[in-house]
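Fold and geometry: a report
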Amino acid sequence: MAALVGKGVRDMLKRADFMTVPRRQRHKKKWAATEPKFPASRLALQNFDMTYSVQFGDLWPSIRVSLLSEQKYGALVNNFAAWDRVSAELEQLSARDFVNEAIFHGEPEPENGQTAAPPPASWACSPNLRCFTFARGDVSRFPPARLGSLGVMDYYLMDAASLLPVLALGLQPGDTVLDLCAAPGGKTLALLQTGCCRNLAANDLSTSRAGRLQKVLHSYVPQDVRDRNRVRVTSWDGRKWGELEGDIYDRVLVDVPCTTDRHSLHEEENNIFQRSRKKERQMLPVLQVQLLAGSGWTALPGVGALGCAGQRSGRMGAPNRCYARASEGAQGNRVLLPLRLAQCVRTGEQS
Ligand SMILES: C[S@@+](CC[C@H](N)C(=O)[O-])C[C@H]1O[C@@H](n2cnc3c(N)ncnc32)[C@H](O)[C@@H]1O
C-alpha cells in the first residue's frame, strides 16, 4: 500500500496521525524512546551469560552466583607490620591462610570427584604471601584494618583472587619488577610483600588513581623499605612504556583495564556497560593488547592467548582477565597467563 500512496499523502497522513495523539501521550512516547532499554547491570549479566557460559562451561553457574553475591574479601597480611601477631589474630577469627594451605598442604580438595590437575613442572610461586579468607559458606567479614604498633596498617582487604597473578609471577629474590597498570595498588602491595623486589616501578595512567596508590604505599610500607626497594610511582601511558624504558625488567605485571565484572553487575554508576560507553567497551581488547605490547611483550609462535584477547573484542566486550608476563631464566622464555575466574573457584572462595 505504501508504494501506491505518494510521498505528499504519506507526509499528510503522518502529520494527521501525530495530531490525533493527545499532548501528554506524545510527550510520554518521546521519553520512552530515549529511555535505555534496560539497565547497564542487566546488559552486563546478559553479556556474561553469553560469553562465560561458553568459556567456563559447567563452572559458570557457580561463578555466576558468586559474582552476584556480596563480595567476600581476603586479608593480605602486611609483612611490614607484626605479621605473626596479625596472622594469629586472623586465625582466632577462624580465617585460614589459603596461600599457605595451597602451597604447603597440597591442592584444595577437587570438587565433584574430579582429579585436580598437577601444577606444571615450571610452576614457581612468589614467596612470603599470606592471605586469610573465611571458609566456603562462611560469610563473616573482617574488621577494618588497623594501624599496628610498627606504624603501618595490619592487613589489606582485597579480592583474594587478585593475589593469583602475583603468585603466578613467580618472583625471585633480587628481581626488578614493573607493575604497568598498578592503581589502586593491591597487587603492587602484594609484590612488595614477597620481599623479592630490588626495584619496583608502579605505573598507572590515571593520576588520581596513582594518588590512591601512593596513599596505600604510605599506609602499608615503611619509608625506608620504599627507599630500599626503590619504589617509583609514575603516571605514564603504559602503551608507550617500551619506548620510554625498553625491556629492562625481570618480571612485568600487566593488570589490564577490564569489564570489572562485579562492579558491572551491581552498580549503574561508572558502569562500562552503559550505552554511552559501548565504544570504550568494544575497544578494551585493543587497549589490552596495546598495553601488553607496550610492556615489551613479544608474541612467541604457539602462544595463542594474545590473539584470543584480540579476537574476543567487539561482540561480547572484553574478557575480564589479568595477564602476567614473566621472563624466565637466561633463555628469556615468557609466559602469558590468562588467569580465569575458574581459578578463584579452585581456591574455594567467592571471587
Ligand atoms: C584493573 S585496574 C588495575 C588494578 C591494580 N593492578 C590493583 O591491583 O589494584 C586497571 C588500571 O589500568 C589503568 N590504565 C588504563 N589505561 C592505561 C594505560 N594506557 N596505561 C597505564 N595504565 C592504564 C587504569 O587507570 C586502572 O587503574
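Structure's up top.
Everything in this summary refers to the structure shown in the same document. (Residues numbered from 1 in each chain as written. Predicted model: local features only at pLDDT ≥ 70, side-chain atom pairs only at ≥ 80, totals over all residues. Heavy atoms only, no water.)

Attention now moves to helix H4 (residues 60-68). Turning to H4, its buried residues number three or more, namely Trp60, Ile63, Ser66 and Leu67. Seen end-on, H4 carries its buried residues on one side only, within an arc spanning 125°. (Buried < 20%, exposed > 50% of the residue type's maximum accessible area, 1.4 Å probe, protein only. Helix = DSSP H or I, 4+ residues; strand = E, 2+ residues; numbered from the N terminus. Arc of directions from axis to C-beta.)

On to the nonpolar core. Ranked by internal contacts, the top residues of the largest apolar core, which has 37 residues, are Leu76, Leu163, Leu191 and Val221. Going through the elements one at a time, helix H6 (98-104), strand E4 (155-159), helix H7 (163-168), helix H8 (186-193), strand E6 (197-203) and helix H9 (207-220) are the ones with two or more residues in this core. Dropping the residues within four chain positions of it, Val221 is found in contact with Phe80, Val152, Leu189, Leu192 and Arg226. Counting 14 residues, the second-largest nonpolar core is a separate cluster that includes Ala40, Tyr52, Phe56 and Ile272. (Core = buried A, V, L, I, M, F, W, Y, C linked by side-chain atoms within 4.5 Å. Contact = heavy atoms within 4.5 Å.)

A few words now on the environment of Phe80. Structurally, Phe80 can be placed in the loop between strand E1 (73-77) and helix H5 (83-92). Here the alpha-carbon distance between Phe80 and Leu150, two residues 70 residues apart in the chain, equals 7.9 Å. Not counting the four nearest positions on each side in its chain, Phe80 is found in contact with Leu150, Val152, Leu192, Gln193, Tyr220, Val221, Pro222 and Val225.

Turning next to the site of the ligand. Neighbouring the ligand are 21 residues, the closest being Asp204, Arg209, Asp237, Gly238 and Asp255. Protein burial of the ligand: of its 600 Å² of free accessible surface, 87% is covered by the chains. For the shell around the ligand, a count of residues per class yields 10 nonpolar, five polar and six charged. (Near = heavy atom within 4 Å. Areas by Shrake-Rupley, 256 points an atom, 1.4 Å probe, with all protein chains shown as cover. Nonpolar A, V, L, I, M, F, W, Y, C, P; charged D, E, K, R; others polar.)

For the rest of this paragraph, the subject is the pairing of E1. The side chains of a regular strand alternate between both faces of the sheet. Among the five residues of E1, four are classified as buried, and the element is accordingly described as predominantly covered. As judged from the five bridges shared by E1 and E4, these two strands associate in the antiparallel manner. In the sheet register, Ala75 faces E4, and the bridge partner there is Leu157. Judged from the two bridges that link them, E1 and strand E3 (residues 131-133) form a sheet pairing that is antiparallel. Bridging from a neighbouring strand, Leu76 pairs with Cys131 of E3. (Pairing = 2+ DSSP bridges.)

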